[in-house]
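Here's the letter readout for the chains.
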Amino acid sequence: MTVQAEAHAAHPPEAHQSSRVDARTLGMFLFIASEVMLFGSFFTAYFFVRVSAHTHWPTAGHELPVFVAGINTIILVSSSFTMHWALQAIKRGNRAGLQAGLTLTFLLGLTFLLTQIREYSRLGFAPYTDAFGTIFYCLTGLHGAHVFVGLTLLLAATIRSYRGHYTADAHWGVEIPGIYWHFVDVMWIVVYTTVYIL
Amino acid sequence: MTAVTHDEVHAGPAPPPTGWRRLLAPGWLRVPWMTALFFGIGAGITVLVRWLEGWDPIWKGSVITTVELTAVPFGFLAGIGGFDYWMRYAAGSPTRPEDHSGHGARSWRDYFRINTDHKVIGIQYLVTTIFFFVAAGLLAMLMRAELARPGMQFVDNQTFNGLFSVHAALMIFLFVIPAFAGIGNYVIPLMIGAPDMAFPRLNALSFWLLPIAGFMMLGSFLAPGGAFASGWTGYAPLASTHQPIGSVFFNMGVQWAGASSIMTALNFLVTIITMRAPGMSFWRMPLLVWANFTTSLLVVIATPFIAGSQFFVMFDHVMHTHFFDYQAGGYPLGYQHIFWFYSHPAVYIMMLPGFGIASEVISVMSRKPIFGYRLMALSLLAILVLGFSVWAHHMFVAGMAPWLRVPMMVTSMVIAVPTGIKVFSWLATLWDGRIHFDTPMLFALGFVSMFVIGGLSGIYLAAVPIDIHTSDTYFVVAHIHYVLFGGSLFTIFAGIYFWFPKMTGRMYDERLGKLHFWLTFIGFNLTFFPMHWLGIQGMPRRVADYVPRFADLNMFISLASFGLGASTLVFVYNMVKSWRFGPAAAANPWRSLTLEWQVSSPPPIFNFDEIPQVVGNPYEYGVPDARHAVFNGDRQVELEEVPTR
């Protein structure tokens with residue numbers, strides 16, 4: 001047994017990097033692929049209900065607040081830009097920019113979620129009212145759950161940014177939640193277009 | 001080469017806490033109060049929301065049960081330490097990414113904690129899945145006891161329905177899928193020359209979701225009203241309206257098992273893509289790695305659909321939503337479409353890793369290069385793609401649009417082409433080889449022959465007229481057992497025997513292994529082959545009683561099935577005895593070329609002292625001077641031999 005081998009006993013040998021893609025980024029993209037399919041199953045259910053309804057859609061008695069939800073959409077989409085700003089700031093080593101960007105993103109996301117909950121309480125129909133109510137609440141609710149997960153990730157990134165983590169060279173802890181947050185935003189645009197507008 | 005053995009690792013963790021602080025350290029002391037805490041949080045939030053909204057009653061059993069089936073497992077995971085690192089990370093506290101104290105197993109206790117070593121996790125997986133395999137097998141024998149004679153003997157109809165539902169759910173979600181994940185977990189990083197998986201902590205977490213899912217499904221027998229009894233397929237609206245609360249145990253159990261398998265698949269994919277040893281291109285990967293790569297793609301893409309379908313059923317059941325309620329505008333057939341869009345690819349999730357294992361074993365034990373290596377890999381990908389286009393062949397009698405039948409029939413039959421490529425390649429590999437009939441090889445050959453029978457009855461079932469005749473009869477039961485028992489289970493056994501010396505460092509008892517194979521093989525055929533005939537004669541599956549003219553054959557099947565069940569005792573005895581007392585195994589007892597056999601048995605704690613350099617294909621048996629990889633020591637020899645100028 002060589003001295004070198006003793007050293008390896010405490011530390012694994014560095015794994016050979018066989019791809020240009022970073023493992024964490026790839027993991028997040030695969031996770032997002034899985035999430036897209038989860039949304040896919042909910043959209044499948046949505047279109048089954050909608051196509052089999054054979055009537056005017058949305059069915060009678062379901063007025064959706066398209067305008068308020070539109071404002072909410074703008075709020076969520078703008079949070080994607082602040083997220084991008086935060087990432088660009090830390091890439092240049094600008095910690096204040098990172099902190100401001102992350103905090104703003106978190107607050108915008110929270111505003112979106114709270115507006116959504118307020119919308120729920122004023123809609124006048126419930127998940128158990130009929131199939132439209134079911135599919136509306138489940139699709140938007142599934143998205144809401146993802147916003148919640150995204151906010152949890154953002155909260156961790158924000159706390160860490162205030163506790164002195166992240167540098168211009170090491171910032172994957174901002175980048176990976178950022179990818180997820182952009183996914184949540186894009187998904188909302190799809191949900192909003194399908195459920196509210198089409 | 002030099003090998004680092006387990007006990008030479010001195011990377012000690014912080015001294016263990018003493019006194020009451022032991023309650024705070026991750027582990028089994030923290031589990032009870034953490035679980036209770038999460039139970040309280042779950043119940044508290046539910047009651048608070050119901051009180052604020054003025055719903056009556058505030059404490060409603062079905063809702064509390066559903067919430068707790070989510071909250072309590074989180075409490076368990078938090079207690080055992082699944083989230084400790086991430087919580088510290090999220091809070092910005094110091095973490096020790098270089099802390100490898102969670103690595104390796106020095107005593108049996110290390111198998112009962114969060115362990116980030118893929119080798120330990122692989123064994124955790126296999127032992128857990130075999131536990132659930134035995135449990136599900138016992139349920140099947142209860143079923144056969146009831147079916148031995150016409151009329152009702154031991155159980156009532158509802159209990160019988162529960163028996164076959166839990167049997168299938170456990171076998172599929174807690175045995176076949178995770179057993180392959182366990183073998184993959186152990187072998188893949190070694191095979192590709194990686195020190196561990198890409199995300200070891202995620203790997204540990206994904207294992208601990210499994211016992212949760214398993215005990216949830218088993219526990220449904222204790223739920224008021226009995227176990228879920230709508231079959232493992234859980235068709236709505238049956239599962240969403242006429243079932244006891246045990247049905248929710250199934251819905252949530254599937255979510256936990258599904259989350260586990262998605263996390264593992266993601267981990268496999270990232271590991272295989274980013275951590276291969278230098279020189280190991282995709283076309284130099286062993287076929288087991290290829291098989292798990294395609295399987296993982298299937299899992300990541302398809303599994304969310306079963307998650308969706310179980311959410312819908314659960315919401316319909318507990319929240320009284322209307323996904324599948326025709327009266328309120330729902331679409332009942334939607335469940336089957338969404339369910340089978342996952343569950344048909346799932347049969348390939350349950351088969352492709354077995355193809356990989358069979359390829360390894362057959363090539364090594366017939367001492368010949370695998371026939372048609374590239375086509376073997378490409379046919380896996382072809383199955384992956386085609387697998388998504390056949391789901392509606394499960395629904396020929398469900399009342400779906402008739403125009404969908406013929407296209408689905410054609411695509412289902414086309415899948416026989418890539419599968420046929422594989423079968424013929426295995427046969428061509430055997431052709432003229434020096435075949436060694438060790439236990440793994442016996443199981444691999446048993447797999448090829450039985451899987452062909454299952455595949456042929458699959459072609460029958462893909463044909464619309466025959467399917468309409470045999471739908472929901474024992475013909476279908478015979479078919480799925482020929483592909484899942486004769487196919488998946490035989491390859492799992494082949495894999496366990498093949499890698500047993502690598503995993504435990506000891507050799508299993510070859511005589512007992514052969515005895516196990518022959519008992520299983522004969523018992524299996526005596527049990528399931530007559531079911532083809534029963535099915536064609538019209539005996540319906542999933543019914544506790546039958547007409548007296550089927551009595552003799554059913555008695556025969558039941559007796560054979562008890563013999564089949566007893567054969568498992570030989571297996572378990574062999575495993576336990578050999579793990580404890582077996583003779584020490586050589587590093588490479590099968591003279592295999594792949595990387596996992598080039599290190600000691602069991603492998604060093606970080607697999608390789610130095611990452612090997614891959615220089616050739618993995619299956620060049622019988623080719624003079626062929627090498628799959630060179631290790632550090634050899635490379636130095638080669639360098640010394642280079643003449644200096």
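Cut-offs used in this document
- Residues numbered from 1 in each chain as written.
- Chains lettered and ligands numbered in written order.
- Predicted model: local features only at pLDDT ≥ 70, side-chain atom pairs only at ≥ 80, totals over all residues.
- Heavy atoms only, no water.
- Domains from an automatic or database assignment.
- Contact = heavy atoms within 4.5 Å.
- Buried area = accessible area lost by both parts, 1.4 Å probe.
- Salt bridge = Lys/Arg side-chain N within 4 Å of Asp/Glu carboxyl O.
- Polar contact = N/O pair within 3.5 Å; in protein donor to acceptor, adjacent residues only side chain to side chain.
- Helix = DSSP H or I, 4+ residues; strand = E, 2+ residues; numbered from the N terminus.
- Nonpolar A, V, L, I, M, F, W, Y, C, P; charged D, E, K, R; others polar.
- Phe/Tyr/Trp six-rings, centres within 6.5 Å; stacked < 30°, edge-to-face > 60°.
- Buried < 20%, exposed > 50% of the residue type's maximum accessible area, 1.4 Å probe, protein only.
- Lys NZ or Arg CZ within 6 Å of the ring centre and 35° of its normal.

Once that is clear, we can look at the domain arrangement of chain B. Residues and elements named next belong to chain B. Along its sequence, chain B is carved into domain 1 (26-91) and domain 2 (98-581). Placing a centre on the C-alpha atoms of domain 1 and another on those of domain 2 gives a separation of 31 Å. The partner domain 2 presents 17 residues to the 18 residues of domain 1 that form the contact. Of the roughly 1600 Å² buried between domain 1 and domain 2, counting both surfaces, carbon and sulfur atoms make up 82%. If you look at where domain 1 meets domain 2, you find 0 salt bridges. Remark: the boundary between domain 1 and domain 2 carries 2 residue pairs in polar contact (both at pLDDT 80 or more). Considering every element that reaches the side of domain 1 that touches domain 2, the biggest residue donor is helix H2 (residues 61-80), with 11 residues. For the side of domain 1 that touches domain 2, a count of residues per class yields 11 nonpolar, 6 polar and 1 charged.

Let us look at the packing of aromatic side chains. Applying the stated criterion to the full structure yields 87 aromatic pairs over all chains. Measuring from centroid to centroid gives 6.5 Å for Tyr508 of chain B and Trp590 of chain B, while their planes differ by 35 degrees, and the two rings are tilted. In this pair, Tyr508 of chain B sits in the loop between helix H17 (474-504) and helix H18 (510-536) while Trp590 of chain B sits in the loop between helix H19 (551-581) and strand S1 (613-614), placing the two residues 82 residues apart along the sequence. Assessed through its relative accessible area of 8%, Trp590 of chain B is described here as buried. Stacked on the ring of Trp172 of chain A, the Lys or Arg Arg24 of chain A has its end atom at 3.9 Å from the ring centre. Its guanidinium or amino end placed over the ring of Tyr85 of chain B, Arg201 of chain B lies 3.5 Å from that ring's centre, counting from NZ or CZ.

This part is about unusual backbone geometry. Most peptide bonds are trans, and most residues other than glycine sit at a negative phi. In this model, Asp56 of chain B is joined to Pro57 of chain B through a cis peptide bond whose omega is -5 degrees. Checked against the element boundaries, Pro57 of chain B lands in the loop between helix H1 (30-53) and H2. With an omega dihedral of 0 degrees, the bond running from Ala236 of chain B to Pro237 of chain B counts as a cis peptide bond. A positive phi angle, close to 75 degrees, is found at Tyr166 of chain A, a residue other than glycine. If you trace the backbone, Tyr166 of chain A turns up in the loop between helix H5 (131-162) and helix H6 (172-197). Given the relative accessible area of 7%, Tyr166 of chain A is considered buried. At Asp472 of chain B, a residue that is not glycine, the phi angle is positive and equals roughly 55 degrees.

This brings us to the interface of chain A and chain B. In this assembly, 50 residues from chain A lie in contact with 55 residues from chain B. Interface of chain A and chain B: buried area, both sides summed, is about 4300 Å²; carbon and sulfur atoms make up 71% of it. In terms of surface lost to chain B, no three residues of chain A exceed His16, Met37 and Phe48 of chain A, which account for 13% of the buried area on that side. Between the two partners, chain A and chain B, sit 0 salt bridges.

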